[in-house]
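Residues per chain are reported as follows:
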Amino acid sequence: MARTVGIDLGTTNSLVAYIDPQTSTPKCIPGPSGSTLCPSVVSLDVDGSIIVGEPARRRLLTQPERTIYSVKRLMGRGVADIQDELRLFPFRVDPKSKSAIRVRLGDKFLTPPEISAFILRELKNWAEAYFGESINRAVITVPAYFNDAQRQATKDAGKLAGLEVLRLVNEPTAAALAYGLHEKQRGHVAVYDFGGGTFDISVLKLISTSEGDIYQVLSTNGDTHLGGDDPALSPAEPCRLCAGIRARRLRSTDSPDC
């Protein structure tokens, strides 16, 4: 039977893992440098070759016009949906883009699924080098709040990378499964996720079905601009927010003791 890997396609970092048959526990696969984390950064070299991961991340300062990060924020979204991102991130969107976004990378215009496919293909290469065999099947995690268009864009990226995407698993569900909560308890579980793009909470319920126990996402909510990338963009923002709150309180109470 063909081997299947699990991939976390993250906003800031991505990784690929498998289930160790001896221990039945997930293990992350290291890349050429020995790290299991692959920065979700893609760069287009002047010769047309694609650079992914840590080497691409180092080019963010030296060749920003040829390098892109946090592309997950654009997956399955239209131009009208990403105006907040355009104010915060240096995405160079093709002015001719209409329903489908195309982002400039060097002298090329690529869609978010095409860029994400480069990251998935890099992780696929890591797994193939690790196992010494071809890897063509994967399960990929997505945020619980992803809509149908964003999920389809993720599947398209997997297909472009040469992967058969067997299933998309909600990230909070994947976290609960990774910690073996399905074997330890029944009922409701709250999962906090502080990722590169968002900080959110999801409430899960473990239910029994004819196909076995599964986690159902009952509710999910959060801030899509309170991830790891966002504080790094503006470390003074919390100070400005606190100052604004203090000013409003002073105006409403005329008292300095707040």
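Preceding this section is the structure that the text describes.
Residues numbered from 1 in each chain as written. Predicted model: local features only at pLDDT ≥ 70, side-chain atom pairs only at ≥ 80, totals over all residues. Heavy atoms only, no water.

### Quick word on the pattern of salt bridges
Inspection of every chain in the model, using the stated rule, returns 9 salt bridges. Of the charged contacts in the structure, one is a salt bridge between K27 and D20, with a shortest N-O distance of 2.9 Å. Across the salt bridge formed by K72 and E171, the nearest N and O atoms sit 2.8 Å from each other. Residue K72 is located in the loop between β7 (67-69) and α3 (83-88), and its partner E171 is located in helix α6 (residues 171-178); the two are separated by 99 residues in the primary sequence. For the pair K72 and E171, one class covers both residues: buried. Overlapping salt bridges, with partners in common, bring together E54, R57 and R58 in one network. (Salt bridge = Lys/Arg side-chain N within 4 Å of Asp/Glu carboxyl O. Helix = DSSP H or I, 4+ residues; strand = E, 2+ residues; numbered from the N terminus. Buried < 20%, exposed > 50% of the residue type's maximum accessible area, 1.4 Å probe, protein only.)

### What to know about the pairing of strand β5 (residues 41-44)
On β5, burial covers both faces: V41 and S43 on one face and V42 and L44 on the other are all buried. As paired elements, β5 and β7 share 3 bridges and run antiparallel to each other. Each residue of the ladder has a partner; that of S43, found in β7, is T67. Between β5 and strand β6 (residues 50-52), which pair antiparallel and follow one another directly, the connecting turn spans 5 residues, one of which, G48, has a positive phi of 95 degrees. (Pairing = 2+ DSSP bridges.)

### Description of the packing of aromatic side chains
What the rule picks out here adds up to 6 aromatic pairs. Between Y18 and Y130 the ring centres are 5.7 Å apart and the planes differ by 45 degrees, which places this aromatic pair in the tilted class. You can see Y18 sitting in strand β2 (residues 13-19) and its partner Y130 sitting in helix α4 (residues 112-131), a full 112 residues away along the chain. With relative accessibility at 12%, the residue Y18 sits in the buried group. Summarising the aromatic geometry, the rings of Y18 and F131 are spaced 5.0 Å apart at their centres and angled 85 degrees between planes, so their arrangement reads as edge-to-face. Residue Y18 is located in strand β2, and its partner F131 is located in helix α4; the two are separated by 113 residues in the primary sequence. In this structure F131 comes out as buried when scored by relative accessible area, which is 18%. Members of the aromatic cluster, joined through ring pairs, are Y18, Y130 and F131. (Phe/Tyr/Trp six-rings, centres within 6.5 Å; stacked < 30°, edge-to-face > 60°.)

### Overview of the sheet that holds β7
Working definition: the strands of a sheet are paired by backbone hydrogen bonds and lie parallel or antiparallel to each other. Here we have 3 strands laid out as an open sheet, ordered β6-β5-β7, and antiparallel in their pairing. Here the strands that pair on one side only, and so sit at the sheet edges, are β6 and β7. In this sheet, adjacent strand axes meet at a mean angle of 20 degrees when their direction is disregarded. (Axes fitted to C-alpha atoms, helices over the stretch in contact; angles between N-to-C directions.)

### Thoughts on the nonpolar core
Counting 41 residues, the largest nonpolar core has V5, I7, V16, V42, I68 and L120 as its most contacted members. Those elements that place two or more of their residues in this core are β1 (4-8), β2, β5, β8 (103-105), α4, β10 (137-142), α5 (148-160) and β11 (164-170). Here the element with the most residues in this core is α4; it accounts for 9 residues. In this structure, V42 is in contact with I50, I51, V52, A56, R66, T67, I68, L105, I115, F118 and I119, ignoring residues within four places of it in sequence. (Core = buried A, V, L, I, M, F, W, Y, C linked by side-chain atoms within 4.5 Å. Contact = heavy atoms within 4.5 Å.)

It is worth stressing that arrangement in space is one thing and function is another; only the former is reported here.
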